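Spelled out, the chains give:
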Amino acid sequence: MDIRILPASASAYEPDTYSRFTGWRNNYQLQNHQEIRQMDGNQSKTPGTTCENAQKLLQLEHLATGIPRTNWTLDEVRSIYTAPFADLMHAAQQVHRQNFDPNEVQISTLCSVKTGGCPEDCGYCPQSIRYNTDVENEPLMELDEVIANATVAKQEGATRFCMGAAWRSPKPKQMDQIVAMVEAVNDLGMETCATLGMLQPEQAQQLKDAGLDYYNHNLDTSANYYKHIITTRTYQNRLDTLQSVRDAGLKVCCGGIVGMGEEETDRADLLHTLATLPEHPGSVPINQLVQVEGTPLAATRTFDALEFVRMIATARILMPRSHVRLSAGRENMDDSTQALCFLAGANSIFYGEKLLTTGNPETEADRQLMAKLGINPEPGKANESSV
Ligand code: SAM
Ligand code: DTB
Ligand code: SF4
């Protein structure tokens, strides 16, 4: 039986192809069963496989090409996110293998170079001055201490060092100090990443000139849900910073957080926004909320592990050449969940026993997990061939 279901003229990218799909969880139900009827009649059904199943699979494979595109429709994102789990995983793995070695994971280590006392009101964050958490405010870290931390991180196997500061945005003097840190970490042969809050175009340029590789600035959640999480800066502020970062020629690291009480539609919206930026972010961190006592989101309902895996798999399909980072929240995930995330296409982690202020799995536990899964660290720029 010939199961070419889409008419030859129908491209995966034409909205018409998808307007026939309805609903959210029922997104695969055809409004028009014409093609199914054409295929039906028990001519040559594979045992256990209905024509409708074949339709679903073809639909997903049509979307999961492994070739980057930035014109995804929200319906497409939703239909990927809500696909039957096995189909979603299969498609994500195909895309992953097309673009990456599936047994390699990029290793980043975080360092909080300026901790606590932040004036912003991000509802998830233990570093906001507005919430009563155990985080102690600290001044900007001395350059020597940053170099010492980066040296240890490198010895432990990290190839990227990410410096985080609890700022709304950096001031000129602080920029000079950060520039010195970036230059010093670069000299160690590590990739550098910084996350310092909002940036003006000239600040992004200054970081680029210092040799910074990546700038992390997350969208955090959907544009709609955002107002429930942060009021002191807008979604547009975040998009503007990302624009400045891109314009300066820095690589973008941008993702979000799940488990903040948002709906499934918000997660799809966030992924849609990320995947339709003018360029896909080079790194896409998917964080699971780390609930910290004293923050407004401390008692949010527990997030379902398989939803997290869906998030990773959908990000992998939508942004096939980006590193998708299984980011904060690993301490609360068992080995099986993490393994599923790697199968779904996650290929980056934060390594080291601390994130910025909260815990991360012990390095020995991570080593054992990677050994059990046969995962190797992705070589960093120090190991790149100069030929
Ligand atoms: N202050 C800068 C900013 O917000 O842009 C940089 C540091 S901030 C801590 C970086 C990111 O960490 C946030 O955008 C958020 O996505 C993530 N983050 C912070 N607290 C978190 C938590 N409790 N759980 C998960 N992710 C968190
Ligand atoms: C990202 O997406 N997650 C990291 C990094 N980028 C800066 C931060 C996670 C922070 C978790 C809470 C904490 O440790 O303070
Ligand atoms: Fe400040 Fe960043 Fe925390 Fe928001 S996420 S409160 S901006 S440190």
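Throughout what follows, the structure given in this document is the object of discussion. (Residues numbered from 1 in each chain as written. Chains lettered and ligands numbered in written order. Predicted model: local features only at pLDDT ≥ 70, side-chain atom pairs only at ≥ 80, totals over all residues. Heavy atoms only, no water.)

1. Structural notes on empty space enclosed by the protein
Take a probe with the size of a water molecule and roll it over the atoms, and the empty space left behind shows itself. Tallied over the full model, the rule gives one cavity of 30 Å³ or more. In this model, the largest cavity occupies a volume close to 840 Å³. If you trace the largest cavity, you find 41 residues lining it, with Y124, C125, Q127, N218 and L356 closest to the centre. Within the residue set of the lining of the largest cavity, elements represented by two or more residues are β2 (160–165), β3 (191–195) and β7 (283–288). Looking at side-chain class alone, the lining of the largest cavity contains 22 nonpolar, 13 polar and six charged residues. (1 Å grid on protein atoms, 1.4 Å probe; cavity = no way out; pocket = protein on both sides within 12 Å on 5 of 7 lines; lining within 4 Å. Points joined across faces, edges and corners; volume = space filled by probe spheres on them. Helix = DSSP H or I, 4+ residues; strand = E, 2+ residues; numbered from the N terminus. Nonpolar A, V, L, I, M, F, W, Y, C, P; charged D, E, K, R; others polar.)

2. Points about the site of ligand 2
Neighbouring ligand 2 are 13 residues, the closest being N218, N287, L356, T357 and T358. Between ligand 2 and N287 there is a distance of 2.8 Å, counted from an oxygen atom to a side-chain nitrogen or oxygen. One of the side-chain nitrogen or oxygen atoms of T358 is found 2.8 Å away from an oxygen atom of ligand 2. Comparing atom positions with the cavity grids shows ligand 2 to sit within the largest cavity. (Near = heavy atom within 4 Å. Polar contact = N/O pair within 3.5 Å; in protein donor to acceptor, adjacent residues only side chain to side chain. Sits in = over half its atoms within 2 Å of the grid points.)

3. A short note on the packing of aromatic side chains
The full count for this structure, using the stated rule, is one aromatic pair. Summarising the aromatic geometry, the rings of Y226 and Y235 are spaced 5.3 Å apart at their centres and angled 75° between planes, so their arrangement reads as edge-to-face. Here R160 stacks its cationic end above the ring of Y214, 3.7 Å away from the centre of that ring. Against the face of F350 rests R325, its NZ or CZ located 4.7 Å from the ring centre. (Phe/Tyr/Trp six-rings, centres within 6.5 Å; stacked < 30°, edge-to-face > 60°. Lys NZ or Arg CZ within 6 Å of the ring centre and 35° of its normal.)

4. Concerning the pairing of β7
Within β7, six of the six residues are buried, leaving the element largely enclosed by the surrounding structure. Residues S283, P285 and N287 of β7 are buried on one face, and the alternating residues V284, I286 and Q288, pointing to the opposite face, are buried as well. Looking at chain direction, strand β6 (residues 256–258) and β7 are connected through three bridges and run parallel. Looking across to β7, one finds that G256 is bridged to I286. What joins β6 to β7 is helix α10 (residues 264–275), and the crossover it makes is right-handed. The handedness of the β7 to strand β8 (residues 323–326) crossover, carried by helix α11 (residues 305–318), is right-handed. (Buried < 20%, exposed > 50% of the residue type's maximum accessible area, 1.4 Å probe, protein only. Pairing = 2+ DSSP bridges. Right-handed = clockwise from strand over helix to strand, strands pointing away.)

5. A word on the pattern of salt bridges
On inspection of all chains with the given rule, the structure shows 11 salt bridges. Residue R367 is joined to E364 by a salt bridge in which the shortest nitrogen-to-oxygen separation is 3.4 Å. Separated by three residues within a single helix, R367 and E364 lie in helix α13 (residues 363–373), roughly one turn from each other. Using a relative accessible area of 37% as the deciding quantity, one classes R367 as partly exposed. Accessibility expressed as a relative area gives 41% for E364, which makes it partly exposed. Through salt bridges that share partners, E120, R168 and R233 make up one connected network. (Salt bridge = Lys/Arg side-chain N within 4 Å of Asp/Glu carboxyl O.)

6. Considerations on the nonpolar core
Ranked by internal contacts, the top residues of the largest apolar core, which has 92 residues, are V113 and Y124. Among the elements that take part in this core, α11 stands out by supplying eight residues, more than any other. The residues touching V113, leaving out its near neighbours within four places in the chain, are P139, L140, M141, V146, M163, G164, A165, I178 and M181. (Core = buried A, V, L, I, M, F, W, Y, C linked by side-chain atoms within 4.5 Å. Contact = heavy atoms within 4.5 Å.)

7. With respect to the layout of surface pockets
Roughly 510 Å³ of internal volume is contained in the largest pocket. If you go around the largest pocket, you meet 23 residues; those closest to its centre are L110, C111, N149, K354 and L355. Secondary structure elements with two or more residues in the lining of the largest pocket: β1 (104–114) and α6 (143–156). Of the residues belonging to the lining of the largest pocket, the class tally is 10 nonpolar, seven polar and six charged. Size it by volume and the second largest pocket reaches roughly 230 Å³. Around the second largest pocket, the lining is made up of 13 residues, and of these Q288, L289, T302, F303 and N332 lie nearest the centre. Of the residues belonging to the lining of the second largest pocket, the class tally is five nonpolar, seven polar and one charged.

8. Remarks on helix α12 (residues 335–343)
Those residues of α12 not exposed but buried are T337, Q338, A339, C341 and F342. The elements touched by buried residues of α12 are α5 (85–99), β1, α11, β8, β9 (348–350) and α13. Directly after α12, the chain includes G345, whose backbone phi takes a positive value near 115°.

9. A closer look at the site of ligand 3
The environment of ligand 3 is formed by C118, E120, C122, Y124, C125, S128, A166, W167 and R233. Assessed atom by atom at 2 Å from the grid points, ligand 3 resides in the largest cavity. Residues that form the shell around ligand 3 fall into these classes: six nonpolar, one polar and two charged.

10. Comments concerning the side chain of Q106
With respect to the secondary-structure elements, Q106 resides in strand β1. Given the relative accessible area of 1%, Q106 is considered buried. Of note is the side chain of Q106, whose polar atom sits 3.3 Å from the side chain of T159. A distance of 2.8 Å separates a polar atom in the side chain of Q106 from a polar atom in the side chain of S348. If sequence neighbours within four positions are ignored, Q106 has contacts with T159, R160, E191, H323, R325, N347, S348, I349 and E378.

Coordinates in, geometry out; function isn't part of it.
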